[in-house]
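# Notes for the structure review
For reference, the chains in residue letters:
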Amino acid sequence: MKISFYVLSESKAQDFLGFICQLTQTALNKSAQSLLILIEDNTLLSNLDTALWAQEATSFIPHQVLSDITAESDDINANPNVANPELLAPVMLGKHMPAGFNGIILNTTTRPVNDFMAATNNSNPSRVLELIRPDVTSTQEGRNKYKAYQQLGYDLTHFKV
């Protein structure tokens, strides 16, 4: 799996929602895969949901918020031959990874994506985009994630934006 760390400048961090929207649009333009934005913070989830709907008509980002109910139903007893009816939009926002997810993940949480994979059946993301804000806490969380991914042998890159 390829993991890309985006180390945000102060100006990009101040427009965090705008940067997420921009990165989401770029990922959609470069890939036919679904994109999951992992978000544990309810305020950020709500604000991002609004920001994605508010994009200009030429850059509208179709998306949906995954429900917590679906996370509970994505268990080992789920029928693997039936596609998940919840996954209808190319971009999903949620606190969990849907069963069988194999697209791109934009991780805004403090935890590495492997924590979410361990709780999900048959998920195998192709790529992970990690966002690191220019503050002490986010930088330390980023270092912890980097070490965790490095120990698993993932292909790691980082960009200063």
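In the block above lies the structure referred to throughout.
Note that the coordinates shown come from a computational prediction; the quantities given were computed from them, not determined experimentally.

### A closer look at the environment of L131
Note that L131 resides in strand β6 (residues 127-132). On the accessibility criterion, L131 (7% relative accessible area) is buried. With 23 residues separating them in the primary sequence, L131 and T108 have C-alpha atoms 6.2 Å apart. The residues contacting L131, other than those within four sequence positions of it, are Y6, F16, F19, I20, L23, L106, N107, T108 and S138.

### Examining unusual backbone geometry
Positive phi, close to 55 degrees, is recorded for N122, a residue that is not glycine. Turning to its location among the elements, N122 is positioned in the loop between α5 (113-118) and β6.

### With respect to the nonpolar core
Counting residues in hydrophobic clusters, the biggest one holds 24 residues, and the most contacted among them are I37, L48, L106 and L131. Elements with a minimum of two residues in this core: α2 (16-30), β2 (35-38), α3 (42-53), β4 (91-94), β5 (104-107) and β6. Within the second largest apolar cluster, 17 residues are counted, among which are F101, F116, M117 and Y149.

### Observations concerning the pattern of salt bridges
What the rule picks out here adds up to 2 salt bridges. The residue R111 makes a salt bridge to E40 at a minimum N-O spacing of 2.7 Å. Note that R111 is positioned in the loop between β5 and α5 and E40 in the loop between β2 and α3, a separation of 71 residues in sequence. Using a relative accessible area of 30% as the deciding quantity, one classes R111 as partly exposed. Classification of E40 by relative accessible area gives partly exposed; the value is 34%. The closest approach of N and O atoms between K145 and E130, which form a salt bridge, is 2.6 Å. With K145 in helix α6 (residues 136-151) and E130 in strand β6, this residue pair connects regions lying 15 residues apart in the sequence. You'll find K145 and E130 in the same group, each marked buried.

### Quick word on α6
Between its terminal C-alpha atoms α6 stretches 23 Å, which fits the 22 Å expected from 16 residues at 1.5 Å a residue. Listing the buried residues of α6 in full gives S138, G142, K145 and Y149. Along the axis of α6, the buried residues cluster in a sector spanning 65 degrees; they form a single face. Turned more than 90 degrees off the buried face of α6, the exposed positions are V136, T137, K147 and Q151. Those residues of α6 that are buried are in contact with β1 (2-7), β5, α5, β6 and β7 (155-160). Sitting at the head of α6, D135 places a side-chain oxygen 3.1 Å from the backbone nitrogen of T137.

The rules behind the values
- Residue numbers restart at each chain and count upward from 1, following the sequence in its written direction.
- The model is predicted, so local features are restricted to residues of pLDDT at least 70 and side-chain atom pairs to those at 80 or more, both for listing and for counting; the totals for chains, interfaces and linings are taken over all residues.
- Values shown for side chains rest on all heavy atoms present in the structure; no hydrogens or waters enter the calculation.
- Only DSSP runs of H or I reaching four residues or more are called helices, and only runs of E reaching two or more are called strands; each is numbered from the N terminus.
- Think of it in three bands: residues with accessible area under 20% of the maximum for their type are buried, residues over 50% are exposed, and the middle band is partly exposed, with areas taken using a 1.4 Å probe on protein chains only.
- Only heavy atoms matter for contacts: two residues are in contact if any of them lie within 4.5 Å across the pair.
- We define a nonpolar core as any set of buried Ala, Val, Leu, Ile, Met, Phe, Trp, Tyr and Cys residues linked to one another through side-chain atoms lying within 4.5 Å.
- Counted as salt bridges are all cases of a side-chain nitrogen of Lys or Arg within 4 Å of a carboxyl oxygen of Asp or Glu.
- Expected helix span is computed as 1.5 Å times (number of residues minus one).
- Here the arc refers to the directions that run from the helix axis out to each C-beta atom.
- Here a polar contact is recorded for every N or O atom pair within 3.5 Å, except that within protein the pair must consist of a potential hydrogen donor and a potential acceptor, and residues adjacent in sequence are included only if both atoms are side-chain atoms.

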